[in-house]
Amino acid sequence: MRALSEVPHRSVAGRRSSDIVIKVLAWIAASLGIALMGWVIVVCVQRGIAAWNWDFFTQLPTPVGEPGGGIANALVGTLIMTALATALGVPAGFFAGVYLAEFGKNSRFAHGMRMVTNVMMGIPSIIVGLFSYMLLVPTLGTFSGWAGALALAVIMLPVMARTTEDILNLVPNEMRESALAVGAPRWRATLGVVVKAARAGLLTGAILAVVRVSGETAPLLFTALNSAYWTIDPGQPYANLTVTIYQYANSPFPDWQEKAWGASLLIIVLVLGANITVRLIAQRGKQ
Amino acid sequence: MSDTGHSLNGGWRVRDMASRARRAPSSRTDTAFRGFTIACSLFIALLMLGITIALVEGSWESMREFGLSFLWTSDWDINKGVYGALTPMIGTLTTTLIAMGIALPLALVIALLLVELVHPVAARIIGTAVEMLAAIPSIIYGMWGLFVLVPIMQAHVIPWLQSTPLGQIPWLLGGPPLGVGILTAGLILAFMVLPFITAVSRDVLRMVPTVTKEAGYGMGATTWEVTRKVSFRYGFGGFVGATFIGLGRAFGETMAVAYVIGNSFTIPESIIAPGTTFASAIANQFPEAVGLQKAALMELGLILFLVTIVFQLIAQLWLGYVNKKVGIR
C-alpha cells in the first residue's frame, strides 16, 4: 500500500496522460502483432498463389534449373511421414496422459513425470532430430522416412500427453464414480466412460498435435532429408514439404523460390485452417 | 462396492456387469492397464535419458579432443580441424537478448490490453490472432524474413539506425548494412516468442483478484497505476516464469534464425554483423558434416539441450512455486 500512498503527490493531468499513453501503446503493440501476422500471410498468399496450378500438385520436381514440374512427391511424403509419426506418438502420448490424469494425479511420481513431460515439450526440435539421427541413420546406413517419422513422433508425444491430461481433468469425478459404482472395472470406466465423454476434446488435441508437427523442418533436415522422387518405402531419404521449402528458398532459381512460397502457402492454409476450425468447433461446444 | 449391483435393482446390463466383475477378477486387467499407462509415462522420461545419452555419445570425440576449452574457443576451422562454441554462444545470447528486449514489453502491454482494456469478445479475437502467430511454422517466418525483412533492414532500417547518434558506436552498429545478421534474427525471434509470453502474461494478469484491483480503483488510481502498482506486483512471479519460457523458445529456435543470421563463424563485430547460433549452426552444417566436425556440432546440440532443460526446469519450478503461493490451480 506504500505504492498507492505516493499517488496524491502527482498531478491529476500527469497521471491521466501517462494512463492514456500506456493505453495507446497497448493498442499499437497489439496492432503490430496482428499486422505482422497479416503481413506474413499476405506475402505468402501473393507469392504462393502464382505457383499453384495443376502441375504443382500432381507432378514431380524437374531437374535443377529447369522450370515447371511440381511438388506432389513432397506432399505425399509429408502425409505418409506424419501419419507414421501419428501412429507412433499419439497413442503413447494418450496413455501417458491417462496415467497422469487418472492414476498418478498428485503422487510424487506423477509430479515428476509431469515435469519431465513439460520439459520435454520445451526441447528444441532440432535436438530431437539429432537424437533420431543418432538412433537410426547410422544403423540403417541412410537418411530415411523412418528417422523423420521417429523425430516427429517424439515431438508429438509430450504434447499429446499434456493435452490428454488437461482434457481428462475436465471430466467431472461423478462420471468416474458412477461407472465404478455399477461395477465397471477401472480400465472400462476410464476408456469406456471418461475417455468417451472427453472424445471431442481429445480429438481436437490430437489434430493440433499432428498439425503442429506437419510444419516442422529442423528435425527432418538430417533424418528424412529430402528426395526428388516418389517415396513410398520409408527406408530411404524421404520427400517432404518443409525441407523442400528450405532447399528451394535457398536456391538461386526464381522458379524454385516461387515453388517454396507455394508450398509455404499450402502449409499455412493447412495449419491456420485446422487451428481456426478446431477453435470454432470448441466454441460452439461451449455454448 | 460389490453390493452396488443389487441395491440398484436396475437393468440386466448393470447386474451383468457387476456379476462379471465378481466372477472374472478384473483387478488383473486393471493392474495391467495401470501398468501400461505408467509405462507410457515412463517412456517419456526414458526418451529424455535416451536423448542425453545419444548427444553425449555423438559428441564424445569432440569432448575428448577439446575438453572444456571447447566453450571458449572461437575458432571453427574445418581445414585445421579446430572447433569451439564461443561464436555460436555469442550469437545465441545476443539474438535471445534482443528478442526478449523487444518481446517482453510488447507482450506485457498486449496482455494488459486483453485483460483490462477491451471488451471480452474483442479480447478473444485479438488473443486468438496473437496465438495464431505461434501456429505459423518457423520455416515460414524464415522465408518471410529472408525475402521481405532482410531487404527492408538492409535498405532502410539499418542505414537509419546508423544515422542516429547510436550509429557512432562501432560495437553496436558498425560495419556494412548486409541485412542479414544478429539484429534481424533477434527481430524475427521477438515475433516468434511474443505469443508465448503474451499467453502466460495474460493468464497471470487474469489471476489478480478483482477485489484487489478494485481497491486500487476505489482510491482513484488510473488503469495504468492499478496495473503497474497492483497487478504487476501481484503477478511478478508469473512474469518471471513467462520470461523463462520465452527464453527457452528463443534459445532453440532454428529455421527462422538459420535463414537470416548469415551463418558466419567469426565473432560478430556488431549487432548488425552476421553470426550464428547453436541451432542454426547445426541445421546448416550437420547434413554435410563428417568426423570431428559432426562431433563438434553434436556438442553444440548437447550444450543447447542442457541450457534449455535448465530454463524449462526453472520456469516449471518457479511457476509451480508461484501458483502454490498465490493459491491458484
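Residues numbered from 1 in each chain as written. Chains lettered and ligands numbered in written order. Predicted model: local features only at pLDDT ≥ 70, side-chain atom pairs only at ≥ 80, totals over all residues. Heavy atoms only, no water.

**Regarding the overall build of chain A**
- Counting secondary structure elements, chain A contains 12 helices and 0 strands.
- The helix and strand sequence of chain A, counted from the amino end, reads α-α-α-α-α-α-α-α-α-α-α-α.
- For the C-alpha atoms alone, the extent of chain A along its principal axes is close to 70 × 70 × 40 Å.
- By residue count, 52% of the 287 residues in chain A fall in the buried class.
- Considering only contacts in chain A between residues 6 or more positions apart, those separated by 24 or more positions represent 71%.
- With 20 positive and 13 negative side-chain charges, chain A shows a separation of 13 Å between the mean positions of the two kinds. (Helix = DSSP H or I, 4+ residues; strand = E, 2+ residues; numbered from the N terminus. Buried < 20%, exposed > 50% of the residue type's maximum accessible area, 1.4 Å probe, protein only. Contact = heavy atoms within 4.5 Å. Lys, Arg positive; Asp, Glu negative; His and termini not counted. Charge placed at Lys NZ, Arg CZ, Asp CG, Glu CD.)

**Side note on the overall build of chain B**
- On a plain count of helices and strands, chain B comes out with 14 helices and 2 strands.
- Here the C-alpha radius of gyration of chain B, 26 Å, is well above what a compact globule of 329 residues would show, namely 20 Å.
- Oriented by its inertia axes, the alpha-carbon framework of chain B measures out at about 85 × 65 × 35 Å.
- Counting every position in chain B, which comprises 329 residues, the buried fraction comes to 53%. (Rg over C-alpha atoms; globule rule 2.2 N^0.38 Å.)

**Considerations on the domain arrangement of chain B**
Residues and elements named next belong to chain B.
- Here chain B is described as being made up of domain 1 (1-71) and domain 2 (74-326).
- Tallying the contact residues gives 15 residues for domain 1 and 19 residues for domain 2.
- Carbon and sulfur atoms supply 76% of the area buried between domain 1 and domain 2, which totals about 1400 Å² over both sides.
- Of all residues in domain 1, Leu-55, Phe-70 and Leu-71 give up the largest surface area on contact with domain 2, accounting jointly for 42% of the area buried on that side.
- Our count for the domain 1 to domain 2 interface comes out at 0 salt bridges.
- Connecting domain 1 to domain 2 are 2 residue pairs in polar contact (both at pLDDT 80 or more). (Domains from an automatic or database assignment. Buried area = accessible area lost by both parts, 1.4 Å probe. Salt bridge = Lys/Arg side-chain N within 4 Å of Asp/Glu carboxyl O. Polar contact = N/O pair within 3.5 Å; in protein donor to acceptor, adjacent residues only side chain to side chain.)

**With respect to the interface of chain A and chain B**
- With 90 residues of chain A in contact, the opposing surface of chain B contributes 91 residues.
- Approximately 8200 Å² of surface area, both sides summed, lies buried where chain A meets chain B, with 79% of it carried by carbon and sulfur atoms.
- Linking chain A with chain B are 2 salt bridges, by the criterion used here.
- Of all the elements, helix α2 (residues 12-49) of chain A adds the most residues to the side of chain A that touches chain B, at 21 residues.
- When grouped by side-chain class, the residues that make up the side of chain A that touches chain B number 65 nonpolar, 15 polar and 10 charged. (Nonpolar A, V, L, I, M, F, W, Y, C, P; charged D, E, K, R; others polar.)

**Observations concerning the nonpolar core**
- Ile-126, Ile-127 and Phe-222 of chain A together with Leu-300 of chain B are the most contacted members of the largest nonpolar core, which totals 185 residues.
- Ignoring any residue separated from it by four or fewer positions in sequence, one finds Ile-127 of chain A in contact with Ile-51, Leu-55, Gly-301, Leu-304 and Phe-305 of chain B. (Core = buried A, V, L, I, M, F, W, Y, C linked by side-chain atoms within 4.5 Å.)

**Observations regarding helix α9 (residues 186-197) of chain A**
Residue and element names in this part refer to chain A.
- Helix length check: α9 (12 residues) gives 15 Å between terminal C-alpha atoms against 16 Å at 1.5 Å per residue, within 8%.
- Looking at α9, one finds that the buried residues are Ala-189, Thr-190, Val-194 and Val-195. Along the long axis of α9, the arc covered by the buried residues comes to 140°, so they all point the same way. (Expected span 1.5 Å × (residues − 1). Arc of directions from axis to C-beta.)

**Concerning unusual backbone geometry**
- Of note in this structure, Leu-225 of chain A is not a glycine but carries a positive phi near 55°.
- Among the secondary structure elements, Leu-225 of chain A is positioned in the loop between α10 (199-214) and α11 (241-249).

**Some details on the pattern of salt bridges**
Residue and element names in this part refer to chain A.
- Scanning the entire structure with this criterion turns up 10 salt bridges over all chains.
- The closest approach of N and O atoms between Asp-166 and Arg-162, which form a salt bridge, is 3.5 Å. In this pair, Asp-166 and Arg-162 both sit in helix α7 (residues 145-168), 4 residues apart, roughly one turn of the helix.
- Residue class for Arg-162 comes out buried when judged on its relative accessible area of 15%.
- When salt bridges that share partners are traced, they join Arg-114, Arg-162, Glu-165 and Asp-166 into one network.

**Concerning α7 of chain A**
Residue and element names in this part refer to chain A.
- If you check α7, its first and last C-alpha atoms are 33 Å apart, about what 24 residues at 1.5 Å a residue would give, namely 34 Å.
- When the local axis directions of α7 are compared, the greatest deviation, roughly 25°, occurs at Met-156, which is followed within four positions by the proline Pro-158.
- Of all 24 residues making up α7, 21 are buried, and the element is well covered by its neighbours. (Bend = angle between axes of the 7 residues up to and from the residue.)

**A few points about the domain arrangement of chain A**
All names here are of chain A.
- Parsing chain A into structural domains produces domain 1 (11-51) and domain 2 (54-286).
- Relative placement of domain 1 and domain 2: their C-alpha centres are 32 Å apart.
- Domain 1 puts 9 residues into the contact, and the matching count from domain 2 is 9 residues.
- Interface area for domain 1 against domain 2, summed over the two sides, is near 800 Å², with a carbon-plus-sulfur share of 83%.
- Summed over the three residues of domain 1 that lose the most area to domain 2, namely Cys-44, Arg-47 and Ala-51, the buried surface amounts to 57% of that side.
- Here domain 1 is connected to domain 2 by 0 salt bridges.
- Put simply, domain 1 and domain 2 have 0 residue pairs in polar contact (both at pLDDT 80 or more) between them.
- In the side of domain 1 that touches domain 2, the residues fall into 7 nonpolar, 1 polar and 1 charged.

**So, the confidence of the model for chain B**
Residue and element names in this part refer to chain B.
- Looking at chain B, pLDDT values average 87 and 91% of them are 70 or higher.
- Across chain B, the element-wise mean pLDDT spans from 39 in helix α1 (residues 4-7) up to 95 in helix α13 (residues 278-285).
- This stretch, residues 1-12, has a pLDDT under 50; its non-local contacts, to residues over four places away or in other chains, come to 12 contacts.
- Across the predicted assembly, pTM comes out at 0.89 and ipTM at 0.90. (pLDDT = per-residue confidence, 0-100.)

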